[in-house]
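Remarks on the overall topology
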Amino acid sequence: MNAFSKKTDLTLLIVSTAAFILSVIVIAYSAVIFTFIQNLIETKVLHRPLNPAMIRQKITPFIGFPVFTVIFFDALFFVKFSKKAKIILIVQFFIAAALLTAVCAFSRCIQNMDSDMASEIMLAKECFTHKTFWPRSWYYSTEFRLLNTQLIAAPLFAFTSSWITVKVVSAIILCFALPLSLWFLLGTLGVKTLWIKLLCTLFVFVPWSRVMWGMVQFGNYYIPHIAMSFVYIGLFLSLAYSELSEKKRKTFCILFFALAFISGASGIRYILNFQLPIAVAIVSCVVYRLVNKKESFAFSRFFIKDRPVFYAVMNIFVSAFGYIVNSSVLSKLFYFLKYNDKKFNAIGDVSFSDVYRAVFEIFGYHSDALVFGPAGINNVMLYIAFIFFIVCFIVCIKKYESAHKRFFFIITAVMIVLNSFAIIHIEYGERYFIPSLVYCVPCFALFLESPDLSALKKYLAGLSLSVVLIAGAFITYIDILTSDGNLDKRAVCRFLDDRYDFGYATFWNANIFTMMTDGRLEFGNLYPDTIDGIDYIPEKFQCHLWLTPKRFYRDDYKANESVFFLVTQKEYDDSPERAVFKNGRQVYSDDFYRVFEFKNKKAFIDGF
């Protein structure tokens, strides 16, 4: 396409920027707009309360249309803008995304918090209290947190006692780890065009969906995994394929093997996510070359002199040593779950539709979206982006002349396949796909610089993927600002905060209240009885040693104080005959929760 003239370029840039600023202001005030319209309809028009979710479904498309229109217009004509205008457009999107991320985090922190996210700040507080980043007084979850969010969050408690402030500030700081680490990876891949690098770093900075917001941009849990993998693969490509100075090679080598050990020592997930795929991809390709070209096999030439194979194999040996340390040493010092006892699922436990839905929802697919609303149109764009991404990926993996770039595509393919196999057959979770799927972004950067792709393929892939990820992010911001996932908890939280210090609940109804009260309410987790996939209040008392301080479960901890037992109305209705309800005194009930009081911890435990 022919570029815009200088006058047209400047005019459209000014108009687009002005429209974008106005649309971002509308999004920033979307919560106020939503509340105003809801009150107007309820008090002036219908004179009765309405379901907020129904009103949100009708109103949010109108809030989102301005920004969606600007994004679609910029993406449609992006190729015709000058290089300078392209950079300005991307930078303004970046600034707006950073501001809206901060607005969402500060103004809707508790509204979008859950017990899993709250656990990260509880761990940070525990680290600060015990003056260590790795406290032995904590029950960890599925991995040991060697390099994780507490490294940023814990020191912030030195400046404030507000848990919300610590959460918000640490979330914003951690978000910048993604574009910085991706920038390093793109550099090692040889991506030269500045606007392409900026666009891709924007892609990993913004939340494509609510899933991404909860697990990455705000939840932060997968930021260390993703950032470490970007840096790690960048180091591998540099060591295996680039001619480095002696000093730089030594530095990269030390960092590479240090991260290999740390990854293995953290748990099996890092190994499965990016270390094993590197080894499988590189070794398989070299073996294929030997067989195909009928080359003779020599151990030293294969494992030592071949740099890619050497670093790929050593990466597994070092990470395996780290995992041995994790299983044999760290597991005795710290409490966390190990994968040594994991078993395969039965065939069919996870269906194709489960995986299909999970992957598309990560990329921003909205069910129940209005067909002609921004989210509905973005759903269609997602399918278009998927088709062109696959087409471009196949062409590049076959024809890319640069060895290290072609191997990067192969590593990405192996990463997605291996991780999907493990997720589907061993432990399924929608969020587990995220660390491998983010590699679509550096692949996209290579698409745009590929000499093997036609201009039309690049344009259609760029248009569709840019609209999906950027527009999806701003739709997500609107969703976050206009929703409240913890409205049901506010009344019971005030009741508990005024009367108690310690009590019990099942996990998803525990740590969130600790977060809501700046740590004043403490909860011991109760392990539920699970029957046919449904959790019930247990018949016998059993602690759930999960993401909480160990002292909560000591017999002498707050032993002489009255304790409470918090249950949802559903938990009560599903198990109304449990002895614990009869032995406690009900002191609170609303539409969502019930609270039972016991004389002390022993009385509660004996009540089962």
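Residues numbered from 1 in each chain as written. Predicted model: local features only at pLDDT ≥ 70, side-chain atom pairs only at ≥ 80, totals over all residues. Heavy atoms only, no water.

**A few points about the confidence of the model for the protein chain**
- Residue-level pLDDT values for the protein chain average 91, and 99% of them are 70 or greater.
- Per-element confidence in the protein chain is highest for helix α9 (residues 194–205), whose mean pLDDT is 97, and lowest for helix α14 (residues 299–305), whose mean pLDDT is 68. (pLDDT = per-residue confidence, 0-100. Helix = DSSP H or I, 4+ residues; strand = E, 2+ residues; numbered from the N terminus.)

**A short note on helix α7 (residues 163–175)**
- Compared with the 18 Å implied by 1.5 Å per residue over 13 residues, the 18 Å span of α7 between its first and last C-alpha is a close match.
- Taken as a whole, α7 has its buried residues at Trp163, Val166, Lys167, Val168, Ser170, Ala171, Leu174 and Cys175. (Expected span 1.5 Å × (residues − 1). Buried < 20%, exposed > 50% of the residue type's maximum accessible area, 1.4 Å probe, protein only.)

**Focus on unusual backbone geometry**
- For Asn220, which is not glycine, the phi torsion reads 70° and is therefore positive.
- Following the sequence through the fold, Asn220 ends up in the loop between α10 (210–217) and α11 (223–241).
- Its relative accessible area of 2% is what places Asn220 among the buried residues.
- One non-glycine residue, Lys558, lies in positive phi territory at about 50°.

**Comments concerning the nonpolar core**
- The biggest cluster of nonpolar side chains holds 202 residues, and the ones touching the most others in it are Phe474 and Phe565.
- Per-element tally for this core: the top contributor is helix α21 (residues 455–481), with 15 residues.
- Phe565 has contacts with Tyr504, Ala505, Leu526, Ile537, Val580, Phe581, Arg594, Val595, Phe596, Phe598 and Phe604, leaving out every residue within four places of it along the chain. (Core = buried A, V, L, I, M, F, W, Y, C linked by side-chain atoms within 4.5 Å. Contact = heavy atoms within 4.5 Å.)

**Here's the deal with the side chain of Asp9**
- Here Asp9 lies in helix α1 (residues 6–28).
- Look at Asp9: it is buried, it has no salt bridge, and the nearest opposite charge is Lys86 at 8.6 Å.
- In this structure the side chain of Asp9 is engaged in a polar contact, spanning 3.0 Å, whose partner is the side chain of Ser82. (Lys, Arg positive; Asp, Glu negative; His and termini not counted. Salt bridge = Lys/Arg side-chain N within 4 Å of Asp/Glu carboxyl O. Polar contact = N/O pair within 3.5 Å; in protein donor to acceptor, adjacent residues only side chain to side chain.)

**Overview of the environment of Phe261**
- Structurally, Phe261 can be placed in helix α12 (residues 246–266).
- Since its relative accessible area comes to 29%, Phe261 is described here as partly exposed.
- If we skip the residues at most four places from it in the chain, Phe261 touches Val318, Phe321, Gly322 and Val325.

**Some remarks on the pattern of salt bridges**
- Evaluated as defined, the whole model comprises 16 salt bridges.
- With a shortest N-O distance of 2.9 Å, Arg145 and Glu120 are connected by a salt bridge. Highlighted residues: Arg145 in the loop between α5 (115–130) and α6 (150–156) and Glu120 in helix α5, separated in sequence by 25 residues.
- Arg145 sits in the buried class, given a relative accessible area of 2%.
- Accessibility expressed as a relative area gives 7% for Glu120, which makes it buried.

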